Amino acid sequence: MNDYTSFEIAKWLGIEATTVHRWAADYAELLNPGANPPKGKDRRFTSEDCKVLWTVKTLRDANLSHGEIKLRLQQNERILPSAYPDELIDLEPTYQSPQQQLAALRLELAEKEQQITQLQAENERLKGQNEALMQQLEAQRKEIWDLVLRITRGE
């Protein structure tokens with residue numbers, strides 16, 4: 001019997017690992033004890049847990065409430081997945097060393113800093129446009145005011 005990590009399950013279901021953790025807590029009585037281990041232990045999900053989580057995902061996608069999903073699961077309703085995580089995804093690349101994670105975060109940070117620089121430049125350009133438009137508006141207001149004064153004087 002295979003067992004899977006939260007990250008493998010998350011990748012398989014196309015959701016975040018935090019969602020897997022929340023569902024493991026919400027449906028704990030329907031999962032093996034390894035899905036909600038004591039603090040300091042890794043979560044492990046069995047093939048049977050995969051069926052439960054696949055059913056949760058499928059029913060949530062169909063807009064069923066938590067209560068409706070729980071009731072169906074308690075009545076042993078299971079929607080069988082067409083394949084299990086190890087049959088669908090290459091699980092090896094999911095692990096990153098702390099150095100790899102740091103490098104990825106640094107790259108992401110550099111990209112975000114570049115986006116910020118571009119947004120700041122765009123903001124400055126728009127400020128300049130705004131100032132020019134405000135000057136045009138003020139000039140037109142003066143022109144209109146002068147016309148109103150001439151009309152009231154009968155010129």
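Cut-offs and rules
- Residues numbered from 1 in each chain as written.
- Predicted model: local features only at pLDDT ≥ 70, side-chain atom pairs only at ≥ 80, totals over all residues.
- Heavy atoms only, no water.
- Helix = DSSP H or I, 4+ residues; strand = E, 2+ residues; numbered from the N terminus.
- Contact = heavy atoms within 4.5 Å.
- Lys, Arg positive; Asp, Glu negative; His and termini not counted.
- Charge placed at Lys NZ, Arg CZ, Asp CG, Glu CD.
- Salt bridge = Lys/Arg side-chain N within 4 Å of Asp/Glu carboxyl O.
- Buried < 20%, exposed > 50% of the residue type's maximum accessible area, 1.4 Å probe, protein only.
- Axes fitted to C-alpha atoms, helices over the stretch in contact; angles between N-to-C directions.
- Left-handed = near helix turned anticlockwise from the far one by under 90°.
- Nonpolar A, V, L, I, M, F, W, Y, C, P; charged D, E, K, R; others polar.
- Core = buried A, V, L, I, M, F, W, Y, C linked by side-chain atoms within 4.5 Å.
- Parallel < 35°, antiparallel > 145°, perpendicular 65-115°, else oblique.

## A short note on the overall build of the chain
Here is step 1 of the chain: Across its full length, the chain holds 6 helices and 2 strands.
Here is step 2 of the chain: Written out in order from the N terminus, the α and β elements of the chain read β-α-α-β-α-α-α-α.
Here is step 3 of the chain: Partitioning the intrachain contacts of the chain with sequence separation of at least 6 by distance along the chain shows that 60% fall at a separation of at least 24.
Here is step 4 of the chain: Here the chain contributes 20 positively and 25 negatively charged side chains, and the mean placements of these two sets differ by 5 Å.

## Some remarks on the pattern of salt bridges
Here is step 1 of the chain: The full count for this structure, using the stated rule, is 8 salt bridges.
Here is step 2 of the chain: Across the pair Glu77 and Arg72 runs a salt bridge whose closest N-O atoms are separated by 3.5 Å.
Here is step 3 of the chain: Take Arg72: its relative accessible area is 32%, and that puts it in the partly exposed class.
Here is step 4 of the chain: For Lys127, the salt bridge identified is with Glu124, shortest N-O distance 3.5 Å. Here Glu124 and Lys127 lie together in helix α6 (residues 98-153), a separation of 3 residues that amounts to about one turn.

## Let's talk about the packing of helix α3 (residues 47-61) against helix α4 (residues 66-74)
Here is step 1 of the chain: Viewed as axis vectors pointing N to C, α3 and α4 meet at an angle of 140°, and their least axial separation amounts to 10 Å. Seen along the crossing, α3 lies across α4 with a hand that is right-handed. On the side of α3, the interface is formed by Val52, Thr55, Val56, Leu59 and Arg60, while α4 contributes Ile69, Arg72 and Leu73.
Here is step 2 of the chain: Considered class by class, the residues forming the contact of α3 with α4 number 5 nonpolar, 1 polar and 2 charged.

## Focus: the nonpolar core
Here is step 1 of the chain: Judged by nonpolar contacts, the single largest core of 24 residues is most densely connected at Ile9 and Phe45.
Here is step 2 of the chain: Those elements that place two or more of their residues in this core are α1 (6-13), α2 (17-26), α3 and α4.

## Concerning unusual backbone geometry
Here is step 1 of the chain: A positive phi is found at Asn63, a non-glycine position, where the angle reads about 65°.
Here is step 2 of the chain: The topology assignment puts Asn63 in the loop between α3 and α4.
Here is step 3 of the chain: The residue Asn76 is not glycine, and still its phi comes out positive at about 65°.
Here is step 4 of the chain: If you trace the backbone, Asn76 turns up in the loop between α4 and α5 (85-88).

## Section: the packing of α1 against α3
Here is step 1 of the chain: Where α1 meets α3, the axes come as close as 11 Å, and the angle between the chain directions of the two elements is 40°. Comparing their axes, α3 and α1 come out oblique. α1 and α3 meet at a crossing whose hand is right-handed. On the side of α1, the interface is formed by Ile9, Trp12 and Leu13, while α3 contributes Cys50, Leu53, Trp54 and Lys57.
Here is step 2 of the chain: Along the lines of polarity and charge, the residues of the contact of α1 with α3 split into 6 nonpolar, no polar and 1 charged.

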